[in-house]
Amino acid sequence: MSFLSKLFGRKDEAAQASAAPSSPPLGLTPEDPRGAAEKCLAAVAAMAEASEDPRERATLLARIADARLHGDDVAATLRALVATFNVGMQLGLVPWMVELCREFAHELPKGKPREALRPMIDALGRVLEIVDDPRMAQDLRIELGPLQALVGDHAGAVATVAGIADAYFADLARSRVVERLCENGDATGAEALAAQIQDPEAQAAARKALVHERAKRGVDAALEQYAAGIKLQPYRDDVRVDLALAKVQSGDLDGGLALARAIGKPETQAVALTQIAETLAEKGEFARAEEIVATIPEKHGRSSGWAALVSAHLQRGDASGAEALLERITEVWVGVDASVRVARSAAFAELPEDRARLLMRALTFLRGAQSANEAQAARRKAAEILANGGNAVEALRIADVGPKDERPEVLTAIGLGLALHGALDEIDRLQGSFKKTDERAALLLGAAGALLRRK
């Protein structure tokens, strides 16, 4: 028996656990991951179409759209989102549609893909015309203005927040619009809107966004003076992160480190030092980067710093260097994510026993989960890791013995793990055995997301 089989079980054990199929096989093949993903999503779409519950249909369509975000077919993602949007609006789920559009606007690339959301955002704007509840109208404006700015409708965003009667909430919305304008590169419009903000905290948030945008072009005395005008915390420390990184990128490492170490909040200081270390690692200066991470006083931040350098090693194709740094990580979830990232890297694609060893390291980290929420997340992650290692039997056991309301989420994790393992025949067998729509859909959606990542 191989090392992989000892750790994760044998495929014949999974076969013995099979149940009588209740759905026909989809014909998933590892040779065509894109085609397999499309078959999984088509099966979920058929479930949505057949559902007698409109809300279940909307939920399934939303999850299809979310799975498509992992691929590179923007047009297909937008079609899936439009289908979800139409059903959601028919049901009057306006807040949910706002949240959905915001999530997709953040995930889609800037430019035309984001701008393609404009018709949906415009439709949400027209809802304002028929809302007669002042509080509901205000809440919608607060959410809609920043969303309009995010998809490129800058004039519409300014007009929407101008309609908010409450001065505090109007300023809060303006600060969020400023952030979105900066993200889209409209510094002139952002500065003009920021000048209208009176509330100190909202003004500090807007100024922070402006510093972040300006710092991308370097640091000068004028920018440092502007940043010094931000007195409120945590905004004062946040702008120091941007300034410190900009100094390092311009060649002033000592100045950047001095500014980073002057940050008062330990967690924010850790972020600044980690970003500086990442910048050095990108240039190949790993020894200096490790020295900086080792000086981070905050425990979680130090682990995150090591994880960032793990990623930097992987980007340069140095899997052994990445694995060596795993020993320095002490925090549970940082260690889990880093170990899984190394295991799934291209360097170990053809080395199943090494991948198994790294996945087992991730499972070992999971033993440190403490709270109820952490334990719930740990069950999902453990199921994913076991499935990723080819052990569907133990992964399904987690789904079977855990709380029933967690089962669909665990099955999604199992679908993802099995797809990454290439066990599409196992996915096909399992989806055919599930009688409940939510369970079958959960497994297939997890698999589709992983397959689209693989392209």
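Note that the structure is a prediction, hence the values are computed from the model and not measured.

We now examine the overall build of the chain. A tally of regular secondary structure across the chain gives 27 helices and 0 strands. A globule of 455 residues ought to have a C-alpha radius of gyration of about 23 Å, and the chain, at 25 Å, matches this closely. Across its three principal axes, the chain shows a C-alpha extent of roughly 70 × 60 × 35 Å. For the chain, buried positions account for 51% of its 455 residues.

In this section: the packing of helix 5 (residues 74-90) against helix 6 (residues 94-107). Each pair of packed helices gets described by two things: the angle between the helix axes and the distance between those axes. Two numbers describe how helix 5 lies on helix 6: the axes approach to 10 Å, and their chain directions differ by 170°. Relative to helix 6, the element helix 5 lies roughly antiparallel. Remark: the crossing between helix 5 and helix 6 carries left-handed chirality. When helix 5 is examined against helix 6, the residues Thr77, Leu81, Thr84, Phe85, Gly88 and Met89 are found in contact with a partner set consisting of Trp96, Met97, Leu100, Cys101 and Phe104.

Here we take up the packing of aromatic side chains. Here the structure, examined in full by the defined rule, presents 1 aromatic pair. Ring centres of Tyr168 and Phe169 lie 5.2 Å apart, and the angle between their planes is 70°; on these two criteria the pair is classed as edge-to-face. What makes Tyr168 partly exposed here is its relative accessible area of 43%. Classification of Phe169 as partly exposed rests on a relative accessible area of 30%. Over the aromatic face of Tyr226 sits the side chain of Arg207, whose NZ or CZ is 4.7 Å from the ring centroid. The side chain of Arg328 reaches across the aromatic face of Trp306, ending 4.6 Å from its centre.

So, about the pattern of salt bridges. Tallied over the full model, the rule gives 31 salt bridges. Between Arg180 and Glu183 there is a salt bridge; the shortest N-O distance is 3.3 Å. Taken together, the residues Arg180 and Glu183, both in helix 11 (residues 167-183) and 3 residues apart, mark about one turn of the helix. Linking Asp354 and Arg357 is a salt bridge whose minimum nitrogen-to-oxygen distance equals 2.8 Å. In this pair, Asp354 and Arg357 both sit in helix 22 (residues 352-366), 3 residues apart, roughly one turn of the helix. By relative accessible area, which is 26% here, Asp354 ends up partly exposed.

Right, let's get into helix 17 (residues 266-282). Working note: α-helix, 3.6 residues per turn, so residues spaced by three or four point in the same direction. A rise of 1.5 Å per residue sets the reference length of helix 17, with its 17 residues, at 24 Å; its end C-alpha atoms lie 24 Å apart and thus fit the reference within 8%. Residues of helix 17 that are buried include every one of Thr268, Gln269, Ala270, Ala272, Leu273, Thr274, Ile276, Ala277, Thr279, Leu280 and Ala281, and no others. Buried residues in helix 17 make contact with helix 15 (235-249), helix 16 (253-261), helix 18 (286-294) and helix 19 (299-315). Phi for Gly284, located one or two positions after helix 17, is positive at around 90°.

Conventions and cut-offs
Residues numbered from 1 in each chain as written. Predicted model: local features only at pLDDT ≥ 70, side-chain atom pairs only at ≥ 80, totals over all residues. Heavy atoms only, no water. Helix = DSSP H or I, 4+ residues; strand = E, 2+ residues; numbered from the N terminus. Rg over C-alpha atoms; globule rule 2.2 N^0.38 Å. Buried < 20%, exposed > 50% of the residue type's maximum accessible area, 1.4 Å probe, protein only. Axes fitted to C-alpha atoms, helices over the stretch in contact; angles between N-to-C directions. Parallel < 35°, antiparallel > 145°, perpendicular 65-115°, else oblique. Left-handed = near helix turned anticlockwise from the far one by under 90°. Contact = heavy atoms within 4.5 Å. Phe/Tyr/Trp six-rings, centres within 6.5 Å; stacked < 30°, edge-to-face > 60°. Lys NZ or Arg CZ within 6 Å of the ring centre and 35° of its normal. Salt bridge = Lys/Arg side-chain N within 4 Å of Asp/Glu carboxyl O. Expected span 1.5 Å × (residues − 1).

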